[in-house]
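# Summary of structural features
What follows is each chain in one-letter form.
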Amino acid sequence: MLSLHLCSSSPSIQTPNSNLTQFFKPIKNPNFSTLIPYPSSNSSQILKSPVFLGSKLPNRRTHFQIVRCKALKDSGDETKAVVEDGGGGGDGGGGGDDGEVEKNDGIFPEWVNFTSDDAKTVFAAIAISLAFRSFVAEPRFIPSLSMYPTFDVGDRIVAEKVSYYFRKPCANDIIIFKSPPALQEVGYSDDDVFIKRIVAKEGDTVEVRKGKLVVNGVERDEKFILESPSYDMNPITVPENSVFVMGDNRNNSYDSHIWGPLPAKNIIGRSLFRYWPPNRIGGTVLEKGCAVDKQESSPAPSPTQ
């Protein structure tokens, strides 16, 4: 729609004599001239649309122009007119491309500025995390009471995987491991993971007699177990590349005294640290460590015939 605005007349123009006939006095502007009608005394005041000299009225298919008049504070200066291109066109115009927001055709919202560098960073972080979990350490959740009182249900630990690259497992290590073939035969899968304590290594002879764990003829002093075993176990020699594992809750643990030695290749890692619950945060490695094999213990009494 074409909108024409009248520029206010300069205060220097005086009201004409009422006896004079109708005349027009031009006002000079930078870009155009406007004729302001002054009616005679015998006629009512009529305002006619100003005529813009040297310009054509736009049709509805051409760009329209907006005329704005800005009056200066100084009454002696003539009114200035500013002509701005509306940029419209076509039927009804309706504005050009100014202010138009480019549509985002990406899969992410506009506020997500996701670049190729960000993608590389995320990929690297995921790769490092997976590598760390596979070769260095991983968190684990304790689901049962087989290791009570060392671990309770709901405890969370970190199992490290580095130490067994440099040494073999030894007695008193608490390990997490995949189910061995003996357990898979009774329905467990390779994805099932267990946690137990190593009580004997390859080449050791282990037995349970009169509520005591006996390894190579020596009774073990185990202060970390819940109670003494209520069963006996005949001597078993641990084969090569295997370990013998038992739960600290000896009477409530499904371990090697039932299904036999554990192949060392099934070991995932060694329990290193408990980080949950907060009131039980601390290490899970005994101070003596592998020295348990050399500790002084009282000789086991000879069995009576």
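Residues numbered from 1 in each chain as written. Predicted model: local features only at pLDDT ≥ 70, side-chain atom pairs only at ≥ 80, totals over all residues. Heavy atoms only, no water.

## Things to note about the pairing of strand β15 (residues 267-276)
Applied cut-off: We treat two strands as partners when DSSP finds at least two bridges between them. A helix here means a DSSP run of H or I that spans at least four residues, while a strand means a run of E at least two residues long, and both kinds are numbered starting from the N terminus.
Here strand β6 (residues 156-160) pairs with β15 via five bridges, running antiparallel. Of the residues in β15, the one forming a bridge with Ala159 is Ser271. Here strand β7 (residues 174-178) pairs with β15 via three bridges, running antiparallel. When the sheet's bridge partners are listed, Ile176 is paired in β15 with Gly269. Looking at chain direction, β15 and strand β16 (residues 282-283) are connected through two bridges and run antiparallel.

## Examining the sheet that holds strand β11 (residues 218-219)
Judged by pairing direction, the sheet is antiparallel, and its four strands sit side by side in the order β11-β10-β9-β12 without closing on themselves. Two strands bound the open sheet, and with one partner strand each, they are β11 and β12 (233-237). Relative to β12, strand β9 (residues 205-209) runs antiparallel, the two being bridged by three bridges. Paired with Val208 across the strands is Met233, a residue of β12.

## Considering unusual backbone geometry
Defined as follows: We call a residue buried when its accessible area falls under 20% of the maximum for its residue type, exposed when it is over 50%, and partly exposed in between, using a 1.4 Å probe and counting protein chains only.
Residues Tyr148 and Pro149 are joined by a peptide bond in cis, for which omega reads 10°. Here Pro149 is to be found in the loop between β5 (137-141) and β6. Here the bond from Trp276 into Pro277 is cis, since omega is 5°, no more than 30 degrees from zero. With respect to the element layout, Pro277 can be found in the loop between β15 and β16. Residue Asn172 is not a glycine yet carries a positive backbone phi of 80°. Locating Asn172 in the fold gives a position in the loop between β6 and β7. Its identity is not glycine, yet Asn241 carries a phi of approximately 55°, on the positive side. By the element assignment, Asn241 lies in the loop between β12 and β13 (242-246). Judged by its relative accessible area of 48%, Asn241 is partly exposed.

## Things to note about the pattern of salt bridges
Our working rule: By salt bridge we mean one thing: a side-chain nitrogen of Lys or Arg within 4 Å of a carboxyl oxygen of Asp or Glu.
Within this structure, the stated rule accounts for 11 salt bridges. Two residues, Asp173 and Arg167, come together in a salt bridge whose shortest N-O distance is 3.3 Å. Overall, the relative accessible area of 4% leaves Asp173 in the buried class. The shortest N-O distance in the salt bridge between Glu207 and Arg209 comes to 2.9 Å. In this pair, the class of Glu207 matches that of Arg209, namely buried.

## Brief notes about the environment of Tyr188
Stated precisely, the cut-off is as follows: Whether two residues are in contact is decided by their heavy atoms, any of which lying within 4.5 Å being enough.
In this fold, Tyr188 is placed in the loop between α2 (181-184) and β8 (193-200). Discounting chain neighbours no more than four positions away, the residues touching Tyr188 are Ser179, Leu183, Phe194 and Tyr254.

## Quick notes on a nonpolar patch on the surface
Our working rule: Nonpolar side chains (Val, Leu, Ile, Met, Phe, Trp, Tyr) within 5 Å and like charges within 9 Å form the patches, drawn only from residues with over 30% relative accessible area and no salt bridge. Surface exposure here means Shrake-Rupley accessible area, sampled with a 1.4 Å probe, where a residue is shielded only by the protein chains that are shown.
A contiguous nonpolar surface patch, about 650 Å² in accessible area, is contributed by Phe132, Phe135, Val136, Val162, Tyr165 and Phe166. With respect to the secondary-structure elements, Val162 resides in the loop between β6 and β7.

## Concerning the side chain of Asp204
The condition is simple: Any pair of nitrogen or oxygen atoms within 3.5 Å is treated as a polar contact; in protein, a donor-acceptor pairing is required on top of that, and neighbouring residues in sequence qualify only through side-chain atoms on both sides.
Looking at the element boundaries, Asp204 is found in the loop between β8 and β9. For Asp204, a relative accessible area of 7% puts it in the buried group. At 3.1 Å, the side chain of Asp204 forms a polar contact with the side chain of Asn216. Residues contacting Asp204, with those up to four places away along its chain left out, are Val215, Asn216, Ile236, Thr237 and Val238.

## A short note on the packing of aromatic side chains
Put simply, the rule is: Here a pair means two rings of Phe, Tyr or Trp (six-membered ring of Trp) with centres within 6.5 Å. Their orientation is stacked below 30 degrees between planes, edge-to-face above 60, and tilted elsewhere. We count a charge as sitting over a ring when the NZ of a lysine or the CZ of an arginine lies within 6 Å of the ring centre and within 35 degrees of the ring normal.
Counted by the stated rule, this structure contains four aromatic pairs. Between Tyr188 and Phe194, the aromatic rings sit 5.3 Å apart at their centres with planes inclined by 70°, giving edge-to-face as the arrangement. A relative accessible area of 16% places Phe194 in the buried class. By the ring-pair criterion, three or more aromatic residues cluster together here, those being Phe177, Tyr188, Phe194, Tyr254 and Trp259. The ring of Phe224 has Arg197 sitting right over it, with the charged end atom 3.8 Å from the ring centre.

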